Amino acid sequence: MTRSIRSIRSWTYPLSAAASLVALAAGATGCSGDSTPSSVASKAASAVQSVGADLDSAAADAKKKLDSVKDGADAKSDVRLGTPAKDADGRSTVPVSVSNTATGKKSYAVQVNFRDSGGNLLDTVVVTVSDVAPGAKGEATARSTRSLSGDVKAEVGTALRY
């Protein structure tokens, strides 16, 4: 059985989250008479499964958007990301800037991966920057699909110029 790197990475965060939640649950059960260890562990597993499903859904959406680009050229070197921040809804955002190094007007599809400080994948989105003139810069903002906690970092996953 082979798995893609994306598939393997998409489970890294849920598994580390599971370990953290189970450890937290184990500590909490010593202080609470209402919860059994098995019920707390079950709730933790459900939370991790939900995070994993959200991440898989985001990855599938990103793949679908990138697959829809016809005749795209690798343009990762044309893309720069700003500093991640949080918006009013608690979602992570990051400015995306593209420099059109081609001789004609081009559009860009940029996959932005949001990671925690340990490098675990938290979310992934694709932002489009349309009709950038030759020699010009285009800008957009990538926004996570859900609220992300902790110190969030952003990186370019894939960038296509078309």
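For the structure itself, look to the data block above.
Visitor: In this structure, what is going on with the overall build of the protein? I would like to understand it.
Guide: Helix and strand counts for the protein come out as 2 helices and 8 strands. For the protein, the sequential pattern of α-helices and β-strands runs α-α-β-β-β-β-β-β-β-β. Expressed as a percentage of the 162 residues in the protein, the buried residues total 36%. Element-wise, carbon and sulfur atoms account for 53% of the exposed surface of the protein, whose accessible area totals about 9100 Å².

Visitor: Looking at this structure, I do not really get the sheet that holds strand β6 (residues 121-132). What am I missing?
Guide: Backbone hydrogen bonds hold the strands of a sheet together, and the pairing may be parallel or antiparallel. Strand order in the open sheet formed by 4 strands is β1-β8-β5-β6, and the pairing between neighbours is antiparallel. Because the sheet does not close on itself, it has two edges, and the strands there are β1 (73-74) and β6.

Visitor: How do you make sense of the pairing of strand β8 (residues 153-161) when you look at a structure like this?
Guide: Side chains on a regular strand alternate between the two faces of the sheet. Note: β1 against β8, 2 bridges, orientation antiparallel. Residue pairing for β8: Asp74 is matched across the bridge by Leu160. Examined bridge by bridge, strand β5 (residues 106-115) and β8 share 7 bridges and lie antiparallel to one another. Note on β8: the bridge partner recorded for Ala109 is Leu160.

Visitor: What is the right way to look at unusual backbone geometry in this model?
Guide: Note: most residues except glycine have negative phi, and most peptide bonds are trans. In this structure, Asp71 takes a positive phi of about 60° despite not being glycine. Tracing the chain through its elements places Asp71 in the loop between α2 (37-67) and β1. Even without glycine at this site, Asp131 takes up a positive phi of about 50°. Relative accessible area serves as the criterion here: at 53%, Asp131 is assigned to the exposed category.

Visitor: So what exactly am I meant to see when it comes to the pattern of salt bridges here?
Guide: Pairing between side chains of opposite charge can happen when their charged atoms approach one another. Applying the stated criterion across every chain yields a total of 6 salt bridges. The salt bridge partner of Asp151 is Lys153, with a shortest N-O separation of 2.8 Å. Three or more residues joined by partner-sharing salt bridges are found here, namely Asp87, Asp89 and Arg143.

Visitor: Before we go on, may I ask you to explain the environment of Asn100 in this structure?
Guide: Tracing the chain through its elements places Asn100 in the loop between β4 (91-99) and β5. Given the relative accessible area of 3%, Asn100 is considered buried. Sequence separation between Asn100 and Arg161 is 61 residues; the distance between their C-alpha atoms is 8.5 Å. If we skip the residues at most four places from it in the chain, Asn100 touches Lys105, Lys106, Tyr108, Val132, Ala133, Pro134, Gly135, Ala136 and Arg161. One polar contact links the side chain of Asn100 to the main-chain amide nitrogen of Ala102, over a distance of 2.8 Å. A polar contact is formed between the side chain of Asn100 and the backbone oxygen of Gly104, at a distance of 2.9 Å.

Visitor: Explain the nonpolar core here, please?
Guide: Across soluble globular proteins, nonpolar side chains have a tendency to be buried as a group. By size, the foremost hydrophobic cluster in this structure holds 20 residues, and its most contacted members are Val110, Val112, Phe114 and Ala142. Breaking this core down by element, the ones donating at least two residues are β4, β5, β6, β7 (137-147) and β8. If you tally residues by element for this core, the top one is β6, at 5 residues. For Val110, the contacting residues outside a window of four places in its chain are Val79, Val96, Val98, Val125, Val126, Val127, Val156, Thr158 and Ala159. Core analysis: the next-biggest nonpolar cluster, separate from the first, contains 6 residues, Ala62, Leu66, Ala109 and Val126 among them.

The rules behind these values
Residues numbered from 1 in each chain as written. Predicted model: local features only at pLDDT ≥ 70, side-chain atom pairs only at ≥ 80, totals over all residues. Heavy atoms only, no water. Helix = DSSP H or I, 4+ residues; strand = E, 2+ residues; numbered from the N terminus. Buried < 20%, exposed > 50% of the residue type's maximum accessible area, 1.4 Å probe, protein only. Areas by Shrake-Rupley, 256 points an atom, 1.4 Å probe, with all protein chains shown as cover. Pairing = 2+ DSSP bridges. Salt bridge = Lys/Arg side-chain N within 4 Å of Asp/Glu carboxyl O. Contact = heavy atoms within 4.5 Å. Polar contact = N/O pair within 3.5 Å; in protein donor to acceptor, adjacent residues only side chain to side chain. Core = buried A, V, L, I, M, F, W, Y, C linked by side-chain atoms within 4.5 Å.

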